[in-house]
Amino acid sequence: LFMIKDIGSAFRALSSFDLRSLSENRLVKMGLVGAVGFLIQSLFFEIVGIQLDLLSPPSAALFGAEIAIVANFFLNNRFTFGDQSIPFSWGMVPKFLKFNAAVVLSLATQWLMVFIGERVGGESDWMLRLFNILGVIIGFTMNYVSYTKIIWRNSNSEIAGGETTEPQKSFISK
């Protein structure tokens, strides 16, 4: 239901050409970060899984997704959830691990979609690409729910043990 509300506010901002509201919409920001991740994943999939044939297409989709996940964690933390940004400290490590764990189901779904595409389309590269895109769309929805309800939900207070007034110690001492 909350995702539908975010989609609605994005459409309202689009229809009224309110670029400021649109640029502040978390779903839009996540979509932009997701687009970067999609490019990273798709390039890896295309080059390693199809063009160079170094990995099977399902495995290339999986490894490309993990590379994109690492990039997306840092981009989402800074851009999408900047108001709830996880400080660059040791407190980020459990959140990063939780982030990776939260998207495992999404990765499995994407892998399964490419696997099905491989079985349905045989050696058709276009069928593989179609099923890869379907997997990414399903994964995006799953990720949005996990990001907003698990990862960046009260992230600063969780890291600080319930208090957000003291800054976290950085990896780099001053």
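Residues numbered from 1 in each chain as written. Predicted model: local features only at pLDDT ≥ 70, side-chain atom pairs only at ≥ 80, totals over all residues. Heavy atoms only, no water.

Visitor: I would appreciate a short explanation of a nonpolar patch on the surface in the present structure.
Guide: A surface patch of nonpolar side chains, about 400 Å² in accessible area, is lined by Leu62, Trp111, Leu112, Ile116 and Val120. Of the residues forming the nonpolar patch, the biggest block, four residues, is contributed by helix H6 (residues 104-121). Relative to the helices and strands, leucine 112 resides in helix H6. Among the residues examined, leucine 112 registers a relative accessible area of 41% and is labelled partly exposed. (Patch = residues over 30% accessible without salt bridge, like charges linked within 9 Å, V, L, I, M, F, W, Y side chains within 5 Å. Areas by Shrake-Rupley, 256 points an atom, 1.4 Å probe, with all protein chains shown as cover. Salt bridge = Lys/Arg side-chain N within 4 Å of Asp/Glu carboxyl O. Helix = DSSP H or I, 4+ residues; strand = E, 2+ residues; numbered from the N terminus. Buried < 20%, exposed > 50% of the residue type's maximum accessible area, 1.4 Å probe, protein only.)

Visitor: Explain the environment of arginine 119 to me, please; I cannot follow it from the model alone.
Guide: By secondary structure assignment, the location of arginine 119 is in helix H6. Among the residues examined, arginine 119 registers a relative accessible area of 52% and is labelled exposed. At 2.9 Å, the side chain of arginine 119 and the side chain of glutamate 118 are in polar contact. (Polar contact = N/O pair within 3.5 Å; in protein donor to acceptor, adjacent residues only side chain to side chain.)

Visitor: Help me understand the layout of surface pockets in this model?
Guide: Where empty space is left becomes clear once a probe the size of a water molecule has been rolled over the atoms. Reported here for the largest pocket is a volume of approximately 300 Å³. What lines the largest pocket is a set of 22 residues, and nearest its centre among them are Gly34, Asn72, Gln110, Val136 and Asn143. Counting residues per element, the lining of the largest pocket draws most heavily on helix H3 (residues 26-51), which supplies seven residues. Per-class residue counts for the lining of the largest pocket are 13 nonpolar, nine polar and no charged. (1 Å grid on protein atoms, 1.4 Å probe; cavity = no way out; pocket = protein on both sides within 12 Å on 5 of 7 lines; lining within 4 Å. Points joined across faces, edges and corners; volume = space filled by probe spheres on them. Nonpolar A, V, L, I, M, F, W, Y, C, P; charged D, E, K, R; others polar.)

Visitor: Which parts of the structure should I look at to understand the packing of aromatic side chains?
Guide: One pass over the full model with this rule turns up 10 aromatic pairs. Look at phenylalanine 74 and phenylalanine 96: their rings are 6.1 Å apart centre to centre, the planes differ by 25 degrees, and that puts the pair in the stacked class. Residue phenylalanine 74 is found in helix H4 (residues 57-80), and its partner phenylalanine 96 is found in helix H5 (residues 92-102); the two are separated by 22 residues along the sequence. Taking the centre distance of 5.8 Å and the plane angle of 80 degrees together, the rings of tyrosine 147 and tryptophan 152 count as edge-to-face. Each of the two residues, tyrosine 147 as well as tryptophan 152, counts as buried. Ring pairs connect the aromatic residues Phe73, Phe74, Phe81, Phe96, Phe99, Tyr147 and Trp152, which therefore count as one cluster. Over the face of the ring belonging to phenylalanine 79 we find lysine 29, whose NZ or CZ atom lies 5.6 Å from the ring centre. The ring of tryptophan 126 has arginine 129 lying over it, and the distance from NZ or CZ to the ring centre is 4.6 Å. (Phe/Tyr/Trp six-rings, centres within 6.5 Å; stacked < 30°, edge-to-face > 60°. Lys NZ or Arg CZ within 6 Å of the ring centre and 35° of its normal.)

Visitor: Before we go on, may I ask you to explain the pattern of salt bridges in this structure?
Guide: Side chains carrying opposite charge are able to pair once their charged atoms draw close together. By the definition in use, this model includes three salt bridges. For the salt bridge of glutamate 118 with arginine 119, the shortest nitrogen-to-oxygen distance reads 2.9 Å.

Visitor: Is there a simple way to explain the nonpolar core in this structure?
Guide: Across soluble globular proteins, nonpolar side chains show a tendency to be buried alongside one another. Counting residues in hydrophobic clusters, the biggest one holds 15 residues, and the most contacted among them are Ile69, Phe73, Ile86, Phe99, Tyr147, Ile151 and Trp152. Elements with a contribution of two residues or more to this core: H3, H4, H5 and helix H7 (125-151). Those residues in contact with tyrosine 147 that sit more than four places away from it in its chain are Met30, Asn76, Phe81, Phe99, Val103, Trp152 and Arg153. (Core = buried A, V, L, I, M, F, W, Y, C linked by side-chain atoms within 4.5 Å. Contact = heavy atoms within 4.5 Å.)

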